[in-house]
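Summary of structural features
Residues per chain, in single letters:
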Amino acid sequence: MTLVSVAAVSATLRLSRFDARTSGSDIVVAWQASIETSVDAYVVERKSAYDVQFKDMERVRSHGPNKLYQFTDERVYEAQPGQETPLGEIIYYRLRVLNDDGSITVTDPISVDYTPTAIRRTWGSIKAMFQ
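Keep in mind the model is a prediction, meaning the values are calculated, not measured.

Some remarks on the nonpolar core
Across soluble globular proteins, nonpolar side chains have a tendency to be buried as a group. Residues I27, V29, W31, Y42 and Y93 are the most contacted members of the largest nonpolar core, which totals 24 residues. Only β2 (13–23), β3 (26–36), β4 (39–48), β5 (55–61), β6 (68–73), β7 (89–99) and β9 (110–114) provide two or more residues apiece to this core. Among residues more than four places away in sequence, those in contact with W31 are L15, R17, F18, Y42, V44, V60, K67, L68, Y69, F71 and L95.

Quick notes on the pairing of β3
The buried fraction of β3 amounts to eight of the eleven residues, a majority that puts the element mostly inside the structure. Taken together, the ten bridges between β2 and β3 define a ladder with antiparallel strand orientation. Pairing of S23 across the sheet is with D26, part of β3. If you look at the hairpin formed by β2 and β3, you'll find two residues sitting between the two strands, and G24 has a positive phi there, around 65 degrees.

Some remarks on the side chain of E45
In this structure, E45 sits in strand β4. Within the structure, the side chain of E45 is placed 2.4 Å from the side chain of R94, a separation counted as a polar contact. Looking at E45, its side chain comes within polar contact range of the side chain of R96, at 2.3 Å. Beyond its immediate sequence surroundings of up to four residues, E45 is in contact with F54, K55, D56, M57, Y92, Y93, R94 and R96.

Points about the packing of aromatic side chains
With the rule as written, the count across this model stands at three aromatic pairs. Measuring from ring centre to ring centre gives 5.3 Å for W31 and Y69, while their planes differ by 10 degrees; the resulting arrangement is stacked. With W31 in strand β3 and Y69 in strand β6, the pair connects residues that are 38 residues apart, well separated along the chain. Note on accessibility: W31 and Y69 belong to one class, buried.

What to know about the environment of R46
The topology assignment puts R46 in strand β4. Sequence separation between R46 and L95 is 49 residues; the distance between their C-alpha atoms is 9.0 Å. Separated by 2.9 Å, the side chains of R46 and D73 make a polar contact.

Scoring rules and cut-offs
Residues numbered from 1 in each chain as written. Predicted model: local features only at pLDDT ≥ 70, side-chain atom pairs only at ≥ 80, totals over all residues. Heavy atoms only, no water. Core = buried A, V, L, I, M, F, W, Y, C linked by side-chain atoms within 4.5 Å. Buried < 20%, exposed > 50% of the residue type's maximum accessible area, 1.4 Å probe, protein only. Helix = DSSP H or I, 4+ residues; strand = E, 2+ residues; numbered from the N terminus. Contact = heavy atoms within 4.5 Å. Pairing = 2+ DSSP bridges. Polar contact = N/O pair within 3.5 Å; in protein donor to acceptor, adjacent residues only side chain to side chain. Phe/Tyr/Trp six-rings, centres within 6.5 Å; stacked < 30°, edge-to-face > 60°.

What follows is the structure, given as structure tokens:
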């Protein structure tokens with residue numbers, strides 16, 4: 001399941017697209033801004049249902065309005081370090097927007113239902129035994 005959020009985040013940023021979807025065993029987060037004034041960079045943040053707070057995943061420099069940005073979360077299976085990700089876990093993503101003037105804006109989170117494959121679950125169990 002993919003949740004799409006489209007919103008005016010601030011006076012200098014209007015997202016025309018912000019969504020997350022599964023792609024095999026990864027999650028692809030994509031966004032596009034119709035207005036992107038004074039935005040220096042985006043920080044993609046992730047939080048599982050078991051995390052207390054969001055964690056930085058990737059910093060992406062801004063490229064101007066109407067450009068498609070994508071981040072592929074290849075480490076989504078590691079949402080619970082040292083423990084398998086439960087089936088059907090909800091993963092949340094949000095963008096922390098870093099502006100040229102030093103101000104920061106945070107988007108509302110979006111969510112995706114992540115169900116890892118049996119192979120990944122088994123591999124995760126084997127890796128956990130040797131940590």
